[in-house]
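Chain by chain, the residues run as shown.
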Amino acid sequence: MERVDVIIPTYKPDWKFLDLLEKLSRQSVPVHRIIIMNTEQKYFDRLVYGTPFVKKYPNVLVRHLSKREFDHGRTRNNGVRHSDAEIFIMMTQDAVPADEFLVEELLKGLHSGENTAVAYARQLAQDTSSEVEKFTRNFNYPEEAAVKTKADIDKLGIKAFFCSNVCAAYKREIFDSLGGFIKHTIFNEDMIYAAGALRAGYGIAYRPSAKVYHSHDYSNKEQFHRYFDLGVSQTDHPEVFADIPSESEGAKLVKMTIAHLRENGMQSQIPRVIINNAFKYLGYLFGRNYRKLPRKLIVGCSSNKDYWD
């Protein structure tokens, strides 16, 4: 049987992270090793202090780094170097498996074809999430499975490259042959890798039967910062994003969300949707044009201040 490792970057982990570890320990396909790339040791120590963490999770390997050392691509690549498994799964600290079949279903997605490089999971909104967040998750992560190839780029546009390291499984051999994740990026290391894999002739599988709970109701300010970083990443990587605009996909989501709220008698939430998406678009425009902005403003707009050091 193939060995499967899980790699999780963490920063100020909380109880949800412990829930994630507990769910990973109960998978139908056992996880060989869980590699935690933790930023700032004091926060991790605070979480596990006084608990039987080491005894309870003997397959966990923790590596600490400073906040200045963290990078979305390089940190994950370093995590992969600690793994000798044929398959590794990237996760974030706030993604909790919905059941004991997450690993099993991701493996099925990876083996949906010889040339499948990565398989990513469906993200479900938590019960406490807003109606808008629930609709958004269903829009981005539908019930229908898919395997995307190079032939789909013209038809799907930027959606062809969509892949999320919130929870995604990778074939190590293909990952190494493609050079891994880009070594320095503010955001989007998963989509940049997926784009390279597609153009190299590999497939990207979406496996909706592999499910994690992962959702956020971001404020207007948080959305501005996130979409600024998104715009920066797209500007910095024209080889991936230059000829594939993403604005139309965002506009489609806004229209469908407003229609959904009207159909369900939730018109009072529509102004919030419009304002929230205005902040997204403004942040994205600033990010796409960040090279024209003064450095102080760039740092203020970004959610990843240390990146600019």
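Refer to the structure printed above.
What counts and how
- Residues numbered from 1 in each chain as written.
- Predicted model: local features only at pLDDT ≥ 70, side-chain atom pairs only at ≥ 80, totals over all residues.
- Heavy atoms only, no water.
- Buried < 20%, exposed > 50% of the residue type's maximum accessible area, 1.4 Å probe, protein only.
- Helix = DSSP H or I, 4+ residues; strand = E, 2+ residues; numbered from the N terminus.
- Pairing = 2+ DSSP bridges.
- Expected span 1.5 Å × (residues − 1).
- Arc of directions from axis to C-beta.
- Phe/Tyr/Trp six-rings, centres within 6.5 Å; stacked < 30°, edge-to-face > 60°.
- Lys NZ or Arg CZ within 6 Å of the ring centre and 35° of its normal.
- Contact = heavy atoms within 4.5 Å.
- Lys, Arg positive; Asp, Glu negative; His and termini not counted.
- Salt bridge = Lys/Arg side-chain N within 4 Å of Asp/Glu carboxyl O.
- 1 Å grid on protein atoms, 1.4 Å probe; cavity = no way out; pocket = protein on both sides within 12 Å on 5 of 7 lines; lining within 4 Å.
- Points joined across faces, edges and corners; volume = space filled by probe spheres on them.
- Nonpolar A, V, L, I, M, F, W, Y, C, P; charged D, E, K, R; others polar.
- Core = buried A, V, L, I, M, F, W, Y, C linked by side-chain atoms within 4.5 Å.

1. Focus on the pairing of strand E4 (residues 87–91)
Consideration 1: Burial analysis of E4 places five of its five residues in the buried class, which makes it a mostly covered element.
Consideration 2: The side-chain alternation of E4 yields two buried faces, one formed by Ile87, Ile89 and Met91 and the other by Phe88 and Met90.
Consideration 3: Examined bridge by bridge, strand E1 (residues 4–11) and E4 share four bridges and lie parallel to one another. When the sheet's bridge partners are listed, Asp5 is paired in E4 with Phe88.
Consideration 4: When E4 meets strand E8 (residues 167–171), the two strands line up antiparallel, connected through five bridges. In the strand pairing of E8, Met91 is matched with Cys167.

2. Overview of helix H13 (residues 270–288)
Consideration 1: With 19 residues, H13 should reach 27 Å at 1.5 Å per residue; the first-to-last C-alpha distance of 27 Å fits that figure.
Consideration 2: Where H13 is concerned, the buried positions are Ile270, Val273, Asn276, Asn277, Lys280, Gly283, Tyr284 and Gly287. Buried residues in H13, looked at end-on, bunch into an arc of 150 degrees, giving them a common side.

3. Some words on the pairing of strand E6 (residues 116–124)
Consideration 1: Burial analysis of E6 places nine of its nine residues in the buried class, the great majority of the element.
Consideration 2: With eight bridges connecting them, E6 and strand E9 (residues 203–213) associate as parallel partners. Paired with Ala119 across the strands is Ala205, a residue of E9.
Consideration 3: Strand direction decides the pairing type here: E6 and E8, joined by three bridges, are antiparallel. Its bridge partner lying in E8, Val118 is registered against Tyr170.

4. Some details on the packing of aromatic side chains
Centre distance and the angle of the planes are the two values used to describe a pair of aromatic rings.
Consideration 1: Under the counting rule described, the total for this entry stands at 19 aromatic pairs.
Consideration 2: Taken together, a centroid distance of 5.6 Å and an interplanar angle of 85 degrees make the contact between Phe44 and Phe53 edge-to-face. Side by side, Phe44 and Phe53 carry an identical accessibility label, which is buried.
Consideration 3: Residues Tyr120 and Tyr206 carry aromatic rings whose centres are separated by 5.1 Å and whose planes lie at 35 degrees to one another, so their mutual orientation is tilted. Pair noted here: Tyr120 is in strand E6 and Tyr206 is in strand E9, with a separation of 86 residues, a long-range link. Of the two residues, Tyr120 and Tyr206, both sit in the buried class.
Consideration 4: Through a chain of ring-to-ring contacts, three or more aromatic side chains come together here, namely Phe88, Tyr170, Phe175, Phe181 and Tyr193.
Consideration 5: Here the basic side chain of Lys159 rests over the ring of Phe162, its NZ or CZ set 5.1 Å away from the ring centre.

5. As for the side chain of Asp190
Consideration 1: Positionally, Asp190 belongs in helix H9 (residues 189–199).
Consideration 2: With residues up to four places along the chain from it excluded, the contact list for Asp190 reads Cys163, Ser164, Asn165 and Tyr170.

6. Re the side chain of Lys280
Consideration 1: Relative to the helices and strands, Lys280 resides in helix H13.
Consideration 2: The buried charged residue Lys280 lacks any salt bridge, with Glu133 as its nearest oppositely charged partner at 7.0 Å.
Consideration 3: When near neighbours in sequence (up to four residues on either side) are disregarded, Lys280 contacts Gln223 and Tyr227.

7. Notes on H9
Consideration 1: By the criterion of burial, H9 is predominantly enclosed, with nine of the 11 residues buried.
Consideration 2: Looking one or two residues past H9, Gly201 carries a phi angle of roughly 100 degrees, positive in sign.

8. Focus: the layout of surface pockets
Consideration 1: Estimates place the volume of the second largest pocket at around 380 Å³.
Consideration 2: Along the walls of the second largest pocket sit 17 residues, with Asn140, Pro142, Lys148, Leu156 and Lys159 positioned nearest its centre.
Consideration 3: Contributing elements (two or more residues each) for the lining of the second largest pocket: helix H6 (131–140), strand E7 (146–148), helix H7 (153–156) and helix H12 (247–263).
Consideration 4: Partitioned by chemical class, the residues of the lining of the second largest pocket number nine nonpolar, one polar and seven charged.

9. Let's talk about the nonpolar core
Consideration 1: The biggest cluster of nonpolar side chains holds 35 residues, and the ones touching the most others in it are Tyr120, Phe161, Cys163, Tyr170, Tyr193 and Ile204.
Consideration 2: Elements with a minimum of two residues in this core: strand E2 (33–39), E4, E6, E8, helix H8 (172–177), H9, E9 and helix H11 (238–241).
Consideration 3: At seven residues, H9 tops the list of elements feeding residues into this core.
Consideration 4: With 34 residues, the next largest nonpolar core counts Ile8, Leu24, Val48 and Phe53 among its residues.

10. With respect to unusual backbone geometry
Consideration 1: The backbone of Lys12 sits at a positive phi, close to 50 degrees, despite the residue not being glycine.
Consideration 2: Given the relative accessible area of 43%, Lys12 is considered partly exposed.
Consideration 3: The phi dihedral of Asn188 is positive, around 70 degrees, even though this residue is not glycine.
Consideration 4: Along the chain, Asn188 falls in the loop between H8 and H9.
Consideration 5: Its relative accessible area of 7% is what places Asn188 among the buried residues.

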